[in-house]
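One letter stands for each residue in the lines below.
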Amino acid sequence: MGGKFENRMDIISQLQEQVNTIAALAFNTFGTLQRDAPPVRLSPNYPEPPPVPTPAEDTPNVSDQPKLMSAALVKAAKQFDVLVAALPLSEGGEEAQLKRIAELQAENDAVGQELQKQLEAAEKELKQVQELFSQAADNCLNLKKPD
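Residues numbered from 1 in each chain as written. Predicted model: local features only at pLDDT ≥ 70, side-chain atom pairs only at ≥ 80, totals over all residues. Heavy atoms only, no water.

Asks: It is not clear to me how the overall build of the chain should be interpreted in this structure. Could you clarify?
Replies: Helix and strand counts for the chain stand at 3 helices and 0 strands. Along the chain, helices (α) and strands (β) appear in the sequence α-α-α when read from the amino end. For the chain, with 147 residues in total, the buried portion stands at 7%. Once local pairs closer than 6 in sequence are excluded, the contacts in the chain between residues at least 24 apart make up 79%. Total accessible area computed for the chain in this model is approximately 12,900 Å², and 60% of it derives from carbon and sulfur atoms. (Helix = DSSP H or I, 4+ residues; strand = E, 2+ residues; numbered from the N terminus. Buried < 20%, exposed > 50% of the residue type's maximum accessible area, 1.4 Å probe, protein only. Contact = heavy atoms within 4.5 Å. Areas by Shrake-Rupley, 256 points an atom, 1.4 Å probe, with all protein chains shown as cover.)

Asks: I'm lost on the pattern of salt bridges in this one. Help?
Replies: Any two side chains of opposite charge can pair, so long as their charged atoms come close to each other. Under the definition given, this model contains 2 salt bridges. Aspartate 36 is the salt-bridge partner of arginine 35, the closest N and O atoms lying 2.8 Å from each other. Residue aspartate 36 is classed as partly exposed on the basis of its relative accessible area of 31%. (Salt bridge = Lys/Arg side-chain N within 4 Å of Asp/Glu carboxyl O.)

Asks: I keep staring at the confidence of the model for the chain and nothing clicks. Help me out?
Replies: Caution is warranted with low-pLDDT regions, since their predicted coordinates should not be read in detail. Chain-level pLDDT for the chain is 84 on average; 84% of the residues reach the 70-or-more range. Per-element confidence in the chain is highest for helix α3 (residues 93-143), whose mean pLDDT is 92, and lowest for helix α1 (residues 2-36), whose mean pLDDT is 83. (pLDDT = per-residue confidence, 0-100.)

Asks: Help me out: how do you make sense of helix α2 (residues 65-86) in this one?
Replies: Because an α-helix completes one turn every 3.6 residues, residues spaced three or four positions apart along the sequence face the same direction. With 22 residues, α2 ought to run about 32 Å at 1.5 Å a step, and its terminal C-alpha atoms sit 32 Å apart, in line with that. All of the buried residues along α2 are Met69, Leu73, Ala76 and Leu83. Relative to the axis of α2, the buried residues are bounded by an arc of 80° and lie together on one face. For α2, the exposed residues lying more than 90 degrees away from the buried face are Lys67, Leu68, Lys75, Lys78, Val82 and Ala85. (Expected span 1.5 Å × (residues − 1). Arc of directions from axis to C-beta.)

Asks: Quick question: what am I supposed to make of the side chain of threonine 29 here?
Replies: Within the secondary structure, threonine 29 sits in helix α1. Excluding residues within four positions of it along the chain, threonine 29 makes contact with Met69 and Ser70.

What follows is the structure, given as structure tokens:
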């Protein structure tokens, strides 16, 4: 079962990474579109926007940039779809999943109780050690002769 679980987690990690990639691409694409969009008159009540300056010869052509960024965004979305398709189908439907969740919750509760017992025992032992250390320190101080 470990290999199947690890494979599923690997796909989930890849999905998370792909969502981050899509978010970054979308952010950059929208920012580029906003930056490079020509000014538009919003209402007849507003003055005409300033004319778009003609690009200098040494200025890179940005008209292809939105197409390239959109293509990268579509490619990332398709990769996301491939990863989703690679996820294993749930076995037994919703009822089996709810049963498995209940089993895992019960197991988690049992482990939590065991950990709580161990923590309480460790705290009790720590107090005992601290008391013994305090007694040992007091004994050492009492054994020293005053100067």
